[in-house]
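What follows is the residue order along each chain.
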Amino acid sequence: MPPQTIAHLWITEYCWDKGTLGGTVSANGWQWHFCWNFRQGSLRVEPSLGRGHICEPLSRFLEKCDYTLELGGQYHFLIRSRF
């Protein structure tokens, strides 16, 4: 079985007028804050430590589920690597 990690995502900010969605994502003890501008397709993730591991899978998840994500929602997605 290939290595995998489950990421947990919490939506804490949502503004349709600005076109932004934000929150926290964590995986195996790591935690990041993110802000996604869904109109421009840009994703900002902080802190930079470990950002390279989470940006691609987080971006794919956000693009796939963008219309179903709600403020206060908690979501999970699979990352095909081990942290």
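Up top you'll find the structure we're talking about.
Per chain, the residues get numbers from 1 upward, laid out in the order the sequence is written. With pLDDT at 70 or above as the cut-off, local features in this predicted model cover only qualifying residues; side-chain atom pairs require 80 or more to be listed or tallied, and sums for whole chains, interfaces and linings still use all residues. Water and hydrogen atoms were dropped before computing side-chain values, which therefore reflect all heavy atoms in the structure.

Colleague: Account for the pattern of salt bridges, with residues named and values stated.
Modeller: Salt bridge, as used here, is a side-chain nitrogen of Lys or Arg placed within 4 Å of a carboxyl oxygen of Asp or Glu. On inspection of all chains with the given rule, the structure shows two salt bridges. The partner of Arg60 in a salt bridge is Glu56, with the nearest N and O atoms 3.4 Å apart. Residue Arg60 and its partner Glu56 are both found in helix H1 (residues 51-65); the two are separated by four residues, about one turn of the helix. Note on conventions: DSSP H or I runs of at least 4 residues are helices, E runs of at least 2 residues are strands, and numbering of each starts at the N terminus.

Colleague: Can you lay out unusual backbone geometry for me, pointing to particular residues and giving the numbers?
Modeller: Across the junction of Glu46 and Pro47, the peptide omega takes the value 0°, indicating a cis bond. Mapped onto the secondary structure, Pro47 falls in the loop between strand S4 (42-46) and H1. Its identity is not glycine, yet Asn28 carries a phi of approximately 50°, on the positive side. Within the secondary structure, Asn28 is located in the loop between strand S2 (20-27) and strand S3 (30-37).

Colleague: Pulling in residues and values, what's your account of the packing of aromatic side chains?
Modeller: For any pair of aromatic rings, the description consists of the separation of the ring centres together with the inter-plane angle of the planes. Any pair of Phe, Tyr and Trp rings, taking the six-membered ring for Trp, is counted once the centres come within 6.5 Å. Such a pair is stacked with planes under 30 degrees apart, edge-to-face with planes over 60 apart, and tilted for the rest. Going through the model one piece at a time under the given rule, you end up with six aromatic pairs. Between Tyr14 and Phe38, the ring centres sit 6.1 Å apart and the planes meet at 20°, which makes this aromatic pair stacked. Of the two residues, Tyr14 sits in strand S1 (residues 5-15) while Phe38 sits in the loop between S3 and S4, which places them 24 residues apart along the sequence. Three or more aromatic residues link up through ring pairs in this structure, and these residues are Tyr14, Trp16, Trp36 and Phe38. One residue, Arg39, lies across the ring of Trp16, its end atom 5.2 Å from the ring centre. Definition used: whenever NZ (Lys) or CZ (Arg) falls within 6 Å of the ring centre and also within 35 degrees of the ring normal, the charge is taken to sit over that ring.

Colleague: For H1, give the residues involved together with the corresponding values.
Modeller: Here the expected span of a helix is defined as 1.5 Å times the quantity of residues minus one. Helix length check: H1, at 15 residues, gives a terminal C-alpha distance of 21 Å against a target of 21 Å (1.5 Å per residue), a fit within 8%. Looking only at H1, the buried set comprises Ile54, Pro57, Leu58, Ser59, Phe61, Leu62 and Cys65. Think of it in three bands: with a 1.4 Å probe and only protein chains considered, a residue is buried below 20% of the maximum accessible area for its type, exposed above 50%, and partly exposed in between.

Distances and angles like these do not, on their own, reveal function.
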